[in-house]
Amino acid sequence: MSRLLFLRLILLSIPSMVKAQEAGVDKESAAIRKVVETYLFSEEPEERKRTLYPQARVLSVDLSGTKVVDTAISKPAKKPSGKVIIDSRQKILSIDMAEGGATVKIETDLSSDLMQVPKHIHYLSLLKISGEWKIVSILMPPVKTAGAAK
């Protein structure tokens, strides 16, 4: 009889354990989203810098498509010459997380009235370090611009 009571107790407690686990996942997902949105959209350099691990890297491919380019994120980006202003619209497509690690898929739309460019996808890798989510790397596949002019 006590086995049956114990089994019932276990079966009845499963839904509350699942809800508690889902709440923890939602909390972590929200924390990751906040870090990524701060990195993508903040206009304050110091605020953006706080989202990055100090040795964070950008991994991409050179223009010839033959070599991996490894750049420190802390290095200032080269500004394009001329007066071309590109309005990029970015959004988070997905967050995939595991215990202490996450990958976030980002879509960037660089199209304008003058030029249509295919949407660009890149990935941010985050680790939970000392209780805080930090971006440790960005995987930046090449931007496809073939046939981009209107």
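Please refer to the structure higher up on the page.
What you see as residue numbers is a count from 1 along each chain, following the sequence as written. Only residues with pLDDT of at least 70 get local features here, since the model is predicted, and only at 80 or more are side-chain atom pairs given and counted; chain-wide, interface and lining totals rely on the full set of residues. Excluding hydrogens and water, the side-chain figures rest on all heavy atoms present in the structure.

Caption draft 1: Region of the structure containing the overall build of the protein. Along its length, the protein carries two helices and six strands. Each helix is a run of H or I in the DSSP string that is no shorter than four residues. Each strand is a run of E no shorter than two, and both are numbered from the N terminus. Counting helices and strands in the order they occur from the N terminus, the protein gives α-α-β-β-β-β-β-β. Relative accessibility decides the category of a residue: with a 1.4 Å probe and only protein chains considered, values under 20% of the type maximum give buried, values over 50% give exposed, and everything between is partly exposed. For the protein, the proportion of its 150 residues judged to be buried stands at 23%. Only heavy atoms enter the contact rule, under which two residues are in contact if any of them lie within 4.5 Å. Counting only contacts in the protein whose residues sit at least 6 apart along the sequence, the fraction spanning at least 24 positions is 43%.

Caption draft 2: Quick peek at the pattern of salt bridges. Salt-bridge detection follows one rule: a side-chain nitrogen of Lys or Arg within 4 Å of a carboxyl oxygen of Asp or Glu. Throughout the structure, instances matching the rule amount to five salt bridges. Between Lys91 and Glu107 there is a salt bridge, with its nearest N and O atoms 3.7 Å apart. In this pair, Lys91 sits in strand 3 (residues 89-98) while Glu107 sits in strand 4 (residues 101-109), placing the two residues 16 residues apart along the sequence.

Caption draft 3: Fine view of the layout of surface pockets. In this analysis, the protein atoms alone were mapped onto a 1 Å grid. Cavities are point sets where a 1.4 Å probe fits without being able to get out; pockets are open sets with protein on both sides within 12 Å along at least five of seven lines; lining residues have an atom within 4 Å of a point. Grid points are joined across faces, edges and corners, and a volume is the space filled by probe spheres set on the points. Looking at the second largest pocket, its volume works out to about 230 Å³. As for the second largest pocket, its lining consists of Ala31, Lys34, Val35, Thr38, Glu47, Arg50, Thr51, Glu132, Trp133 and Lys134. Mapped by element, the contributors of at least two residues to the lining of the second largest pocket are helix 1 (2-41) and strand 6 (132-140). Of the residues forming the lining of the second largest pocket, the biggest block, four residues, is contributed by helix 1. Looking at side-chain class alone, the lining of the second largest pocket contains three nonpolar, two polar and five charged residues. Residues are grouped as follows: Ala, Val, Leu, Ile, Met, Phe, Trp, Tyr, Cys and Pro are nonpolar; Asp, Glu, Lys and Arg are charged; all remaining types, including Gly, are polar.

Caption draft 4: Structural view of the pairing of strand 6. Note on pairing: DSSP must find at least two bridges between two strands before they are called paired. Pairing geometry for strand 1 (residues 52-61) and strand 6, over five bridges, is parallel. Within strand 6, the position partnered with Val58 by the bridge is Ile138. Relative to strand 6, strand 5 (residues 120-129) runs antiparallel, the two sharing seven bridges. Residue pairing in the sheet places Leu126 in a bridge with Ile135 of strand 6.

Caption draft 5: Representation of the packing of aromatic side chains. Only centres within 6.5 Å qualify two rings of Phe, Tyr or Trp (six-membered ring in Trp) as a pair; their planes then separate them into stacked at under 30 degrees, edge-to-face at over 60, and tilted for everything else. In the structure shown here, the tally under the stated rule is zero aromatic pairs. Here, a charge over a ring is recorded when the distance from Lys NZ or Arg CZ to the ring centre is within 6 Å and its angle to the ring normal is within 35 degrees. Sitting over the ring of Tyr39, Arg48 keeps its end group 4.6 Å from the ring centre.

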